[in-house]
Amino acid sequence: MKATSLLEKQHRKVESIFKQLESGRSEPGPLLAELANELVAHMAIEQESFYPAVRQIKEDLILESYEEHAIAELALKRLLSTDPEDISFKARVTTLKELIQHHVEEEEEELFPKVEEAIEAKQLEQLGKALKAEFEQRLAEGYEALLPAGYKKTSADKASHAKHANGANLG
Ligand SMILES: [Fe+2]
Ligand SMILES: [Fe+2]
């Protein structure tokens, strides 16, 4: 599967969990854990592999993406530390959903088409394969292992300033 198709598929999965959460039909606890696992693993593979691989194509958009991931991660942490009985629980679910929605729209409408134009199909398939393996690994590690403690630093900051991200494309 092409990298962009794989990432889109993961977007749809996260959206479906949001829908279930907002419907209020099932226990929020397990849904929240599933959401956090899927979302954090997805953001991790974008931050660590996909964004560095396509950073040259549209660097301003990639740097903006890292910032949007950072804000989403903070919103996710606030939600994870919120009791489902809290009056702000629903508002925090909706706010996180809207942040993600905006970001996903930019990826799918602005970034991915440029990536598909710039990178050969065969290469995109290879990247997709690597991303899929990485995603399974991150998913198995679980969100708690992947999220940095506290609110000062996000996993996105670490990735956007990583040597491999700068080295290849900014020289
Ligand atoms: Fe993203
Ligand atoms: Fe994404």
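Residues numbered from 1 in each chain as written. Chains lettered and ligands numbered in written order. Predicted model: local features only at pLDDT ≥ 70, side-chain atom pairs only at ≥ 80, totals over all residues. Heavy atoms only, no water.

Under an unreviewed UniProt entry, the name given to the chain is Hemerythrin-like domain-containing protein, and the organism recorded is Sorangium cellulosum.

## Section: the UniProt feature "domain: Hemerythrin-like" (unreviewed entry) in the chain
Note the following rule: UniProt positions are given in the numbering used here, feature names are shortened, and annotations may be inferred rather than shown by experiment. Helix and strand definitions here come from DSSP, where helices need a minimum of 4 consecutive H or I residues and strands a minimum of 2 consecutive E residues; each element is numbered from the N-terminal end.
UniProt's feature table lists "domain: Hemerythrin-like" (unreviewed entry) at residues 4–115, given in the numbering used throughout. The span residues 4–115 carries 86% helix and 0% strand; its end-to-end C-alpha distance comes to 8 Å.

## Topic: the coordination of the iron ion (ligand 2)
The following threshold applies: Counted as donors are N, O and S atoms no farther than 2.8 Å from the metal, or 3.2 Å for Na, K and Ca; water is not among the atoms, and sites may therefore look incomplete. In this scheme the shape depends on donor count and angles: four donors with every angle between 85 and 135 degrees give tetrahedral, four or six donors with opposite pairs above 155 degrees and others between 65 and 115 give square planar or octahedral in turn, and any other case is irregular. Under the scheme applied here, a residue whose accessible area is under 20% of the maximum for its type counts as buried, over 50% as exposed, and between as partly exposed, the area being computed with a 1.4 Å probe on protein chains only.
Protein coordination at the iron ion (ligand 2) comes from His11 (NE2), His42 (NE2), Glu46 (OE) and Glu107 (OE), with a distance range of 2.1 to 2.2 Å. Because the angles between the 4 donor atoms bound to the iron ion (ligand 2) fall within 83 to 173 degrees, the donor set is best described as irregular. All donor residues of the iron ion (ligand 2) come from one chain, and their arrangement in sequence is H-x30-H-x3-E-x60-E. When its relative accessible area of 1% is taken as the criterion, Glu107 is described as buried.

## With respect to the pattern of salt bridges
Oppositely charged side chains can pair when the atoms bearing their charge come close. Quick reminder of the rule: Basic side-chain nitrogens of Lys or Arg form a salt bridge, by our definition, when they fall within 4 Å of a carboxyl oxygen of Asp or Glu.
The full count for this structure, using the stated rule, is 9 salt bridges. Two residues, Glu116 and Lys2, come together in a salt bridge whose shortest N-O distance is 3.8 Å. In this pair, Glu116 is assigned in helix H4 (residues 89–118) and Lys2 in the segment before helix H1 (3–23), connecting sequence segments 114 residues apart. The class for Glu116 is partly exposed, based on a relative accessible area of 35%. In this structure, the salt-bridge partner of Arg55 is Glu59, at a minimum N-O distance of 2.8 Å. Shared partners join several salt bridges into a network, and the residues in it are Arg12, Glu15 and Glu108.

## Section: the nonpolar core
This is how the line gets drawn: What we call a nonpolar core is a set of buried Ala, Val, Leu, Ile, Met, Phe, Trp, Tyr and Cys residues that are connected through their side-chain atoms within 4.5 Å.
Among the nonpolar cores identified, the biggest contains 23 residues, and Phe18, Leu21, Leu35, Leu39, Leu79, Leu96 and Ile100 are the most heavily contacted of them. Within the residue set of this core, elements represented by two or more residues are H1, helix H2 (28–54), helix H3 (59–80), H4 and helix H6 (143–146). Ranked by residue count, the leading element in this core is H2, at 7 residues. Leu61, Leu124, Phe135 and Ala159 belong to the second largest nonpolar core, which has 22 residues in total.

## Notes on the packing of H1 against H2
What counts here: Angles here are taken between N-to-C directions and fall from 0 to 180 degrees, while the axes themselves are lines fitted to C-alpha atoms, restricted in helices to the stretch in contact. Any angle that is under 35 degrees is reported as roughly parallel, and any over 145 degrees as roughly antiparallel; angles of 65 to 115 degrees are reported as roughly perpendicular and all others as oblique. Crossing handedness is defined as follows: a turn of the near helix away from the far one that is anticlockwise and smaller than a right angle gives a left-handed crossing, while the clockwise case is right-handed. We call two residues in contact whenever any of their non-hydrogen atoms come within 4.5 Å of each other. Three categories are distinguished: nonpolar for Ala, Val, Leu, Ile, Met, Phe, Trp, Tyr, Cys and Pro, charged for Asp, Glu, Lys and Arg, and polar for the others, with Gly belonging to the last.
The contact between H1 and H2 brings their axes to 10 Å, and the two run at 160 degrees. The angle between the axes of H1 and H2 places the two elements in the roughly antiparallel class. Both H1 and H2 take part in a crossing whose hand is left-handed. Between H1 and H2, the contacting residues are Ala3, Thr4, Leu7, Gln10, His11, Lys13, Val14, Ile17, Phe18, Gln20 and Leu21 on the first element and Pro28, Leu31, Leu32, Glu34, Leu35, Glu38, Leu39, His42, Ile45, Glu46 and Phe50 on the second. Residues of the contact of H1 with H2, tallied by class, amount to 13 nonpolar, 5 polar and 4 charged.

## What about the packing of H2 against helix H5 (residues 121–141)?
Relative to each other, H2 and H5 sit at 145 degrees, their axes nearing to 9 Å. The two elements H2 and H5 cross, and the hand of that crossing is right-handed. Residues Asn37, Glu38, Ala41, His42, Ala44, Ile45, Glu48, Ser49, Phe50 and Ala53 of H2 touch H5, and the partners they reach there are Leu127, Leu131, Glu134, Phe135, Arg138 and Leu139. Looking at the contact of H2 with H5 residue by residue, the classes come out as 9 nonpolar, 3 polar and 4 charged.

## Digging into the coordination of the iron ion (ligand 1)
Bound to the iron ion (ligand 1) on the protein side are Glu46 (OE), Tyr51 (OH), His69 (NE2), His103 (NE2) and Glu107 (OE), at distances that span 2.0 to 2.4 Å. Of note, the donors binding the iron ion (ligand 1) are all from one chain and are spaced E-x4-Y-x17-H-x33-H-x3-E. A spacing of 3.2 Å is found between the iron ion (ligand 1) and the iron ion (ligand 2), which share Glu46 as a donor. Within this pair, whereas Tyr51 is found in helix H2, its partner His69 is found in helix H3, the two being separated by 18 residues in sequence.

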